[in-house]
Amino acid sequence: MNQKTKMALFGAGGLVLFLLSFFTVAAVSGTPMHDVAVIGALFSAPEQLGTDAEEAPRDLVEQLEADRRPEAEVREASASPLRAFLLPSPFSADELSGLQRSLKSRIESTELERSKIARREAELEVRERQLEERWEELVEIRTTLIEETLELGQRSDELERDERVQSERENASWKSMARIFEAGKARDLAQNLTLFGPQEAARILRALSEERASELINEIPRERYLEYAEAYRKAGL
């Protein structure tokens, strides 16, 4: 295909596009085609409708006169063609008012419930803080009790140790005293033994051998024998 043929095709295509655009714009503008400049001669004017055409305006006038809506409402309705597509409301004015009251009541109820929930949450937060503070106090008290228990235990151990030491020392002292009664005449030593109380004498006798203790007890005066013998028996329990 040579260059001239291409140019001719491009020119014909451009002309066709121009004509189509021109006709489209003329049709969209609403101007009758026979009144359009340049191409109006290509179209014939529409025929007159006669009597029907004359009666149409009268019918339109009658319809307008029968329309008892306020002028402002008619103008507003005619100002927007979209109003022709609006559907009538499925609810009456009373029903809409009832729905409005119901919705308002539901909103108020919701707000009231929300307030109650918020107040309850605030109360729970306060209660939670109080419980946390109480728990901290209990933990502190428990810690204090544990420390005091440990301290008391240590003191008790110290007292037991001191008592044990004191008892060992006292036993040692009575053993030292018992050496005085290990040898010598039993009658003379029994007289000296009665100078001690029955319990002290029993501790001295327990530090001696059974034979020596029996020998000394038998030499104790008869009127005090049972007293010292009973003390010696209990000291062995």
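An account of the accompanying structure is given in this report. (Residues numbered from 1 in each chain as written. Predicted model: local features only at pLDDT ≥ 70, side-chain atom pairs only at ≥ 80, totals over all residues. Heavy atoms only, no water.)

## Focus: the overall build of the protein
Per the secondary structure count, the protein includes 8 helices and 0 strands. When the helices and strands of the protein are listed from N to C terminus, the series reads α-α-α-α-α-α-α-α. Counting all 237 residues of the protein, 11% fall into the buried class. Within the protein, counting contacts between residues at least 6 apart in sequence, those at least 24 apart form 49% of the total. Of the roughly 20100 Å² of accessible surface on the protein, a fraction of 56% belongs to carbon and sulfur atoms. (Helix = DSSP H or I, 4+ residues; strand = E, 2+ residues; numbered from the N terminus. Buried < 20%, exposed > 50% of the residue type's maximum accessible area, 1.4 Å probe, protein only. Contact = heavy atoms within 4.5 Å. Areas by Shrake-Rupley, 256 points an atom, 1.4 Å probe, with all protein chains shown as cover.)

## Quick notes on the nonpolar core
Grouped together as the largest cluster of nonpolar side chains are 17 residues, with contacts concentrated most on Phe-181, Leu-193, Ile-204, Leu-205, Leu-208 and Leu-216. Going through the elements one at a time, helix 4 (93-178), helix 5 (186-193), helix 6 (198-206), helix 7 (210-218) and helix 8 (222-235) are the ones with two or more residues in this core. It is helix 5 that provides the largest number of residues to this core, a total of 4 residues. Contacts of Phe-181, omitting those with residues within four sequence positions, involve Leu-189, Asn-192, Leu-193, Phe-196, Ile-204, Leu-208, Arg-212 and Leu-216. (Core = buried A, V, L, I, M, F, W, Y, C linked by side-chain atoms within 4.5 Å.)

## Focus: the packing of aromatic side chains
Taken as a whole, this structure holds 2 aromatic pairs when the rule is applied. Taking 6.3 Å as the distance between ring centres and 70 degrees as the angle between the ring planes, the aromatic pair formed by Trp-174 and Phe-196 counts as edge-to-face. Placement of Trp-174 in helix 4 and of Phe-196 in the loop between helix 5 and helix 6 is noted, with a sequence separation of 22 residues between them. Assessed through its relative accessible area of 15%, Trp-174 is described here as buried. The class of Phe-196 is partly exposed, set by a relative accessible area of 25%. Plain terms: the ring middles of Phe-181 and Phe-196 are 6.5 Å apart, the flat faces sit at 70 degrees to each other, and that makes the pair edge-to-face. Here Phe-196 lies in the loop between helix 5 and helix 6 and Phe-181 lies in the loop between helix 4 and helix 5, a separation of 15 residues in the sequence. (Phe/Tyr/Trp six-rings, centres within 6.5 Å; stacked < 30°, edge-to-face > 60°.)

## Some words on the side chain of Thr-194
Within the secondary structure, Thr-194 is located in the loop between helix 5 and helix 6. Note on Thr-194: relative accessible area 13%, which makes it buried. Apart from residues lying up to four places away in sequence, Thr-194 is in contact with Ile-220, Pro-221, Arg-224 and Tyr-228.

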